[in-house]
Amino acid sequence: MSRVEIGVFGGSFDPPHAAHVLLASLALCVHGFERVLVVPTHSHAFGKRLTSLDDRLRMCELAFAHMRAVELLDIERELPAPNYMLHTLRALSQRYPFAQLRLLIGADILPDAHAWHDFAGIARLAPPIVIERQGYASIAADQPALPAISSSEIRRRIQQGQSTRGWLSPAVERYIHTRALYRDA
């Protein structure tokens, strides 16, 4: 009997945007995963300042609400600091012993893989699937590329009072506006 494949999609999701949703959709439709686990990081391994985990989790709930095969996990809150993807994957492999985990990463992340804590160990535990992204070196030119949407650009646009229409789901946009997120640098 073959093991079920589950995609693991970790990240800051600060905020979660249309390209994040498209990546999960590609993983489900093109790669045939039974489900995709969305795992917002508790604290950034490289020390980047993040919006509260509770706000990011709520925005992920809103962004992925229409995708039944996407499961949002708050597992990193339970893990000791510092949060490394390797530790998260180990915890997930215990929670899902019946599954082959596959790490989902965008092509924009690949150049920084050497800086991750034990990327070789990550690759053994959850062999990565790299999803193409516009503006980054192509891994597989015959695959569709995600649009060049970034959370940092969205935060910048909000700080400058510019529109983010088409970059975020309307529910996430409303949440950001209601909570006055990303207004300060």
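Numbering of residues starts from 1 in each chain and follows the order in which that chain's sequence is written. In view of the model being predicted, local features appear only for residues whose pLDDT reaches at least 70, and side-chain atom pairs are presented and counted only at 80 or more, with totals across whole chains, interfaces and linings using the full set of residues. Side-chain measures here rest on the full set of heavy atoms in the structure, leaving out hydrogens and waters.

1. Observations concerning the pattern of salt bridges
Basically, it comes down to this: Within this document, salt bridges are pairs made up of a side-chain nitrogen of Lys or Arg and a carboxyl oxygen of Asp or Glu, the two lying within 4 Å of each other. Accessible area is worked out with a 1.4 Å probe on protein chains only. A residue is then buried under 20% of its type maximum, exposed over 50%, and partly exposed in between. Only DSSP runs of H or I reaching four residues or more are called helices, and only runs of E reaching two or more are called strands; each is numbered from the N terminus.
Counted according to the given criterion, the structure contains 11 salt bridges. Across the salt bridge formed by arginine 35 and glutamate 34, the nearest N and O atoms sit 3.7 Å from each other. Given the relative accessible area of 45%, glutamate 34 is considered partly exposed. Here aspartate 55 ties to arginine 179 by a salt bridge, and the two come within 3.0 Å at their closest N and O atoms. Of this pair, aspartate 55 sits in helix α2 (residues 53-64) while arginine 179 sits in helix α6 (residues 170-179), placing them 124 residues apart in sequence. Under the relative-accessibility criterion, aspartate 55 is labelled buried at 6%. Among the residues examined, arginine 179 registers a relative accessible area of 46% and is labelled partly exposed.

2. Overview of the sheet that holds strand β4 (residues 99-106)
Inclusion rule: The criterion for strand pairing is that DSSP finds at least two bridges linking the strands in question. With axes taken as lines fitted to C-alpha atoms, and helix axes fitted only over the stretch in contact, angles between N-to-C directions fall between 0 and 180 degrees.
In spatial order, the strands read β3-β2-β1-β4-β5; together these 5 strands make up an open sheet with parallel pairing. Unpaired on one side and paired on the other, β3 (70-72) and β5 (129-131) mark the two borders of the sheet. Between one strand axis and the next, the sheet turns through 30 degrees on average, direction left out of account. Two strands pair when backbone bridges link them, and β4 and β5 are joined in this way by 3 bridges, in the parallel orientation.

3. A closer look at helix α5 (residues 151-159)
Note the following rule: Read the arc as the range of directions from the helix axis to the C-beta atoms. Contacts are assigned to residue pairs that have any heavy atoms within 4.5 Å of one another.
Every buried residue of α5 is accounted for by Ser151, Ile154, Arg155, Arg157 and Ile158. When α5 is viewed along its axis, its buried side chains cluster within an angular range of 160 degrees and face the same direction. In this structure, the buried side of α5 is in contact with α1 (18-29) and α6. Taken from the residues just after α5, glycine 161 is the one with a positive phi, measuring 75 degrees.

4. Some points on α6
Along α6, the residues that are buried comprise Val172, Tyr175 and Ile176. Projection of α6 onto a plane perpendicular to its axis shows the buried side chains occupying an angular sector of 95 degrees, all on one side. For α6, the exposed residues set more than 90 degrees away from the buried face come down to Pro170, Arg174, His177 and Thr178. Buried-residue contacts for α6 involve α2 and α5. The first or second residue beyond α6 is alanine 180, which carries a positive phi of 55 degrees.

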